[in-house]
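Structural characterization, general
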Amino acid sequence: MKRREFLKISGLLGAGTAGAGLLGGCSTLFPGPDAYPAPGSGKLSQTPTFCDMCFWKCAGFVHQENGKPWKITGNDTDLHSEGRLCTRGTGGLGSFEDRDRLRRPLLRVTGSDGRQRFKEVSWDEALDFVAGKLKKIAADYGPDRTALLNHGYGARHFSHLMRAYGCGSSAEPAFAQCRGPRDIGFVLTYGEDLGSPERTDMENSRCIVLIGSHIGENLHNGQVQTLSAGLAKGASLITVDPRFSVPASKSKYWLPIKPGTDIALLLAWMHVLINEGLYDKEYVDRHTTGFGQLSAHVQRYSPEWVFLETGLEPELIRASAREMAKCAPATLVHPGRHTAWWGDDTQRSRAIAILNALLGSWGRKGGLYIQEGVALPKYPLPDYPEPKSDWQVAHAGRYPFADQGVTTALVEASIGSQAHYKGWLVYGTNLPTTLPGIAPQLRAAIDSLELVVVVDTMPAEITGYADVVLPECTYLERYDDLRNSAERHGSLALRMPAFEPLYETKPGWWIAKQLGERLGLQKYFPWKDYSEVLDWQLKQVGSSLEEMQKLGVKNFPRRGPKYFVEGQPVQFATPSGKIELYSQQLAERGFDPMPVYHRPERPPAGYYHLNYGRMPSHTFGKTTNNPLLFQLAPENTLWVNPLVAAEHALLNGTYVRLRNPEGTLSDPIRLRVTERVGPDSVFMAHGFGHRSRRLRLTYGLGADDSALMSNVKTDPLMGGSGMRTSFVTFVKEEA
Amino acid sequence: MSHYAMVIDTRLCIGCGDCVIACKTENKVPEGLNRDWVVEATSGTYPHLSTEFRSERCNHCSHATCVYQCPTGASHHWRDSNIVLVDPRKCTGCKACIAACPYDARLVMHPDGYIDKCTFCVHRVEQGLDPACVSTCPTHCMHFGLLDDPSSRVAQLLRTRNYKALAEETGNQPNVFYLT
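Residues numbered from 1 in each chain as written. Chains lettered and ligands numbered in written order. Predicted model: local features only at pLDDT ≥ 70, side-chain atom pairs only at ≥ 80, totals over all residues.

Turning our eyes to something else, we now look at the overall build of chain A. Helix and strand counts for chain A stand at 22 helices and 26 strands. Here the C-alpha atoms of chain A give a radius of gyration of 26 Å, agreeing with the 27 Å that 2.2 N^0.38 yields for 735 residues. Taking all 735 residues of chain A together, the buried fraction comes to 58%. Counting only contacts in chain A whose residues sit at least 6 apart along the sequence, the fraction spanning at least 24 positions is 73%. (Helix = DSSP H or I, 4+ residues; strand = E, 2+ residues; numbered from the N terminus. Rg over C-alpha atoms; globule rule 2.2 N^0.38 Å. Buried ≥ 20, exposed ≤ 12 C-beta atoms within 10 Å, placed from the backbone. Contact = placed C-beta atoms within 7 Å.)

Scanning chain B for helices and strands turns up six helices and 10 strands. On C-alpha atoms alone, chain B measures out to a radius of gyration of 16 Å, which is about the 16 Å that the 2.2 N^0.38 rule sets for 180 residues. Considered along the principal axes of its C-alpha atoms, chain B spans approximately 50 × 40 × 30 Å. Counting over 180 residues, chain B shows a buried share of 46%. In chain B, 54% of the contacts between residues at least 6 apart in sequence involve partners at least 24 apart.

Glancing now at the interface of chain B and chain A. Across the boundary between the two partners, chain B contributes 37 residues, which contact 42 residues of chain A. Those elements that place two or more of their residues in the side of chain B that touches chain A are helix 1 (18-26), strand 2 (37-45), strand 3 (48-56) and helix 4 (122-125) of chain B. The greatest single-element share of the side of chain B that touches chain A, amounting to seven residues, is contributed by helix 1 of chain B.

Glancing now at the environment of Met615(A). All names here are of chain A. Residue placement: Met 615 occurs in the loop between strand 19 (608-613) and helix 21 (627-632). Sequence separation between Met 615 and Glu 217 is 398 residues; the distance between their C-alpha atoms is 4.9 Å. Discounting residues that sit within four places of it in the chain, Met 615 has contacts with Glu 217, Ala 633 and Ala 685.

Once that is clear, we can look at the pairing of strand 10 (residues 176-179) of chain B. Note: strand 1 (residues 4-9) of chain B against strand 10 of chain B, four bridges, orientation parallel. Residue pairing across strands places Met6(B) opposite Val176(B), the latter belonging to strand 10 of chain B. (Pairing = 2+ DSSP bridges.)

Another point: the environment of Thr92(B). Residues and elements named next belong to chain B. Mapped onto the secondary structure, Thr 92 falls in the loop between strand 5 (84-86) and helix 3 (96-100). Note on Thr 92: 13 C-beta atoms within 10 Å, which makes it partly exposed. Each C-alpha atom of the pair Thr 92 and Gln 156 lies 40 Å from the other, and the pair is 64 residues apart in sequence.

Position of Pro197(A) relative to the elements: it lies in the loop between helix 5 (173-190) and strand 8 (207-211). Ignoring sequence-local partners within four residues, the contact set of Pro197(A) consists of Trp56(A), His80(A), Gly222(A), Ser485(A) and Glu487(A).

Residues and elements named next belong to chain B. Taken in spatial order, the four strands line up as 8-1-10-9 in an open sheet, and their pairing is mixed. Edge positions in the sheet fall to strand 8 (142-146) and strand 9 (163-165), since each has one partner strand and no second. Within this sheet the neighbouring strands show an average axis-to-axis angle of 25°, counted without direction. Pairing geometry for strand 9 and strand 10, over three bridges, is antiparallel. Note that in strand 10 the partner of Ala 165 across the bridge is Phe 177. The sheet strands contacting helix 6 (residues 153-160) are strand 1, strand 8, strand 9 and strand 10, and the helix crosses strand 8 at an angle near 110°. (Axes fitted to C-alpha atoms, helices over the stretch in contact; angles between N-to-C directions.)

This brings us to the domain arrangement of chain A. Residue and element names in this part refer to chain A. As assigned here, chain A comprises domain 1 (189-370 + 579-588) and domain 2 (608-732). Using C-alpha coordinates to define each centre, domain 1 is positioned 28 Å away from domain 2. Each side of the interface is counted separately: domain 1 has 19 residues, and domain 2 has 23 residues. Tallied by class, the residues present in the side of domain 1 that touches domain 2 amount to eight nonpolar, six polar and five charged. (Domains from an automatic or database assignment. Nonpolar A, V, L, I, M, F, W, Y, C, P; charged D, E, K, R; others polar.)

This paragraph deals with the confidence of the model for chain B. Per-residue confidence for chain B gives a mean pLDDT of 96, with 100% of residues at or over 70. In the model output, the complex is listed with pTM 0.95 alongside ipTM 0.97. (pLDDT = per-residue confidence, 0-100.)

Now for the sheet that holds strand 5 (residues 116-120) of chain A. Sheet strands pair by backbone hydrogen bonding; their relative direction is either parallel or antiparallel. All names here are of chain A. Here seven strands make up an open sheet; going across it, the order is 5-4-15-14-13-6-7 and the pairing mixed. Every interior strand has two partners, whereas the edge strands, strand 5 and strand 7 (169-171), have only one. Strand after strand, the sheet turns through a mean of 20° between neighbouring axes, direction not considered. Inspection of the sheet shows strand 14 (residues 451-456) paired to strand 15 (residues 468-471) by four bridges, in the parallel sense. Bridge pairing in strand 15 links Val 454 to Val 469.

All names here are of chain A. Core analysis: the biggest nonpolar cluster contains 252 residues, and Leu 265, Leu 410 and Val 453 have the highest contact counts within it. With 10 residues, helix 7 (residues 262-275) is the single largest residue contributor to this core. Shared between two domains, this core holds at least three residues of each, these being domain 1 (189-370 + 579-588) and domain 2 (608-732). Excluding its chain neighbours within four sequence positions, the residues that come into contact with Val 453 are Val 130, Leu 425, Val 426, Ala 466, Asp 467, Val 468 and Leu 470. (Core = buried A, V, L, I, M, F, W, Y, C linked by C-beta atoms within 7 Å.)

The next subject is helix 3 (residues 123-140) of chain A. All names here are of chain A. The end-to-end C-alpha distance of helix 3 is 26 Å, a good match for the 26 Å that 18 residues give at a rise of 1.5 Å each. For helix 3, the set of buried residues is Ala 126, Leu 127, Val 130, Leu 134 and Ile 137. Summarising the axial view, the buried residues of helix 3 lie within an arc of 95°, below the 170-degree limit, and thus occupy one face. Facing away from the buried side of helix 3 by more than 90 degrees, the exposed set consists of Asp 124, Ala 139 and Asp 140. (Expected span 1.5 Å × (residues − 1). Arc of directions from axis to C-beta.)

All right, on to the pairing of strand 3 (residues 68-74) of chain A then. Regular strands place their side chains on alternate faces of the sheet. Residues and elements named next belong to chain A. Of all seven residues in strand 3, six are buried; the element is thus mostly enclosed. Across six bridges, strand 2 (residues 59-65) lies against strand 3 in antiparallel orientation. Paired with Gly 60 across the strands is Gly 74, a residue of strand 3. Between the antiparallel neighbours strand 2 and strand 3 lie two residues, among them Asn 66 with a positive phi of about 50°.

This part is about the packing of helix 3 of chain A against helix 17 (residues 508-518) of chain A. All names here are of chain A. The geometry of helix 3 relative to helix 17 is characterised by a closest axis approach of 9 Å and an angle of 55° between their N-to-C directions. By the angle class used here, helix 3 and helix 17 are oblique. Considering the relative orientation of helix 3 and helix 17, their crossing is right-handed. Facing helix 3, whose interface residues are Leu 127, Asp 128, Val 130 and Ala 131, helix 17 presents Gln 514, Leu 515 and Arg 518. Of the residues that constitute the contact of helix 3 with helix 17, the class distribution is four nonpolar, one polar and two charged. (Parallel < 35°, antiparallel > 145°, perpendicular 65-115°, else oblique. Left-handed = near helix turned anticlockwise from the far one by under 90°.)

For the rest of this paragraph, the subject is the packing of helix 10 (residues 303-310) of chain A against helix 11 (residues 314-327) of chain A. Any two packed helices are characterised by the angle at which their axes cross and by the distance between the axes. All names here are of chain A. Where helix 10 meets helix 11, the axes come as close as 8 Å, and the angle between the chain directions of the two elements is 115°. In this view, helix 10 runs roughly perpendicular relative to helix 11, as classed from their interaxial angle. When the axes of helix 10 and helix 11 are compared, the crossing they make is right-handed. Residues Pro 303, Glu 304, Val 306 and Phe 307 of helix 10 lie in contact with helix 11, whose contacting residues are Pro 314, Ile 317 and Arg 318.

What follows covers helix 18 (residues 531-540) of chain A. Residues and elements named next belong to chain A. Restricting attention to buried positions, one finds in helix 18 the residues Val 533, Leu 534, Gln 537 and Leu 538. In an axial view of helix 18, the angular spread of the buried residues amounts to 125°, which keeps them on one side of the axis. Directly after helix 18, the chain includes Gly 542, whose backbone phi takes a positive value near 80°.

We now examine unusual backbone geometry. Following Ser196(A), the chain continues into Pro197(A) via a peptide bond in cis, with omega recorded as 0°. Geometrically, the link from Val108(B) to Met109(B) is a cis peptide bond, its omega value of -5° lying close to zero. Structurally, Met109(B) is set in strand 6 (residues 106-110). Notably, Tyr399(A) is not glycine yet its phi reads approximately 55°, a positive angle. Mapping Tyr399(A) onto the fold places it in the loop between helix 13 (392-395) and helix 14 (407-412). Positive phi, close to 55°, is recorded for His140(B), a residue that is not glycine. Residue placement: His140(B) occurs in the loop between helix 5 (132-136) and strand 8. Given 16 C-beta atoms within 10 Å, His140(B) falls into the partly exposed group.

Have a look at this one:
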């Protein structure tokens, strides 16, 4: 028997108690003794928060009426939300009210029948168990032989715990499976990454270029709002996407590119800008290095040559390049966010970075501005012990430009009895649906590990593999660290509990502190309540917890300029101190010093590129069980071009399965026959096809794209996963 | 008479559904029902395409067939305005209004036994606030106000932009306008 059977946490949990009840109060609309009260006519109260439905962290207020949850709205003074939350943020109460939430700590036990199951245990029993195992791993191997796999803001408490314990390894899919290639591509070029929220100045742009980025379907609030503001002021939009995405439908130029040929297009655009003399010569002379080499390098990428690769008419390539140049430097070639696509993504991001440099848009109004955060002192604590090893062990000399752990590499380094890692703490990341096509490796790692602890709010698939499941309360029931994101100017935001934690759930800071104390790490957790830390920090910058509990957000004036000051020298944090169009660092490591186009593999006959993306109503699988958002989008659909549908006799609205060349079969997914996708690919939103039965709303609805991923290429620069290299064909459901 | 209108810029609308969720939470709309919805209309053949997103709801018609067809007086115009409301105490659930509505904007059936619909968030309008959907829209594509007031944003937009309304041929005089 496997050491860990996948447990479904079934038949354990009682009926829910949450949910809004009927309200008293009087109505101004229909007065009378049996009045139907108007919303908001009762006793009202509000508490500030910042959202955890995605990582954008918009500040808002949680409203209650007569002591019952009512709604969440944006905080008008907040830069991230501008007073408006997105679909998911507005639906945040659903995460609190979700009947399927984890409720009590769970411990894996083996019954007298030899079968494994979860047993509800007290917090003391669960925490003692975890601390005992961590002590044993520390004694047998050393504390550095553990890893933290995490996502989300609440992970900070567990990062603190694990570093105090002596663990040096952590990884989040947000790096190698998402924005890592982009950030490293920009670091190699400008010496800095883009931050979050990104430093894009779209509200001031005159031309915005999206490379496969589907802002609008991807609902990062500030991105949507600033893109919309730019468009409202007349900015022209250029969208590169094989699919007629939402921004494609708003575009002056839509470039329906063949999948995987973006680098060819980017090089052709450089070719046009350089050969037609349209680039920003003064900016390039002053701030960049390697222009001569770049100019020679792009000569072979003429629009005519690139047409054969991308399927884009040469005149369309030229016209769009001229549009960019016309509006420069207020032209933003958007760096995107999820960029782990083809395995050469850092180089594609370099190409985007270089294109912005040719247009002179980095550091310029309407391009990429200079971010500012708040100099917020850290709460005084002892230094962490120096870990004996860190995540670099897992990389084994690969991925020289990775600046943090690569999740898939940490998984590999956890497989087998001789594996480096012996224990995992998993916080807020559902690895089985997050990592592409590596179910067997993940399974093997989990079977090898001596301890798997999962902290989560929901019974996501990963909880089924845990020894111990620690149920965290939702963001609406807890304090977390202050939000201090570098942005258009500095600002702080407070997340505080609007409600008492439901069931026996606990805040992350409490769980981390309890574990820390059991591990003898009291000195790292000197507070009784985490609000003491926040109050201390706020008082260092002239505010207080009391003030922030009213305001929610405090804004700080800028200390420096938002854009480059004309005539003043700029020092970039690259080895040359300049923007590196040609990268000596890459050349020295044996990589292409300038981006080179490599033709992607094309699908075999009868197969199609599997393209995936987002839908605005969900943050992947994190929200698909949210009872409010579920009503908006209960399942994903498979977008198929009518020509393809006709060829395979597929009917709109019926269900089909997909199979990849390795034979992996998806769950059934409903067909959406639409012209909005081309005849060489199919498209689905990510986050569906849940296999955890305890996610009662979303279980069994839609298909999971990540399970279908095969042929995944790894970026040799930083370990990113190429997730768009997969092919699928149709398997029709039996009638 | 107060002439309220909603003006929605289809060139900015992304069809995200935030308006739907904001309405549901603001108005405590029961599970499975919604008072507004998003329509996507795509035309053309790949790659020559256009797509329009529209957030739709009750049009609060100046000539409201639902009001005229209601046998009990439950459907009515609110306080000398074009805002159409249903008084739950007078509604028998006969569905005459549903048959009369060209926009299919009425919900069958609130669990308390009446026909529910968009109110233009009249409880917010009374306080000088925009409807919940308008106030949350992340693209700022939705606008609300009095058409009687020439300086209002809605009046300005209808003066300066091309627009359409839905099913105007019915003569219902709808008051949700779409900028194109």
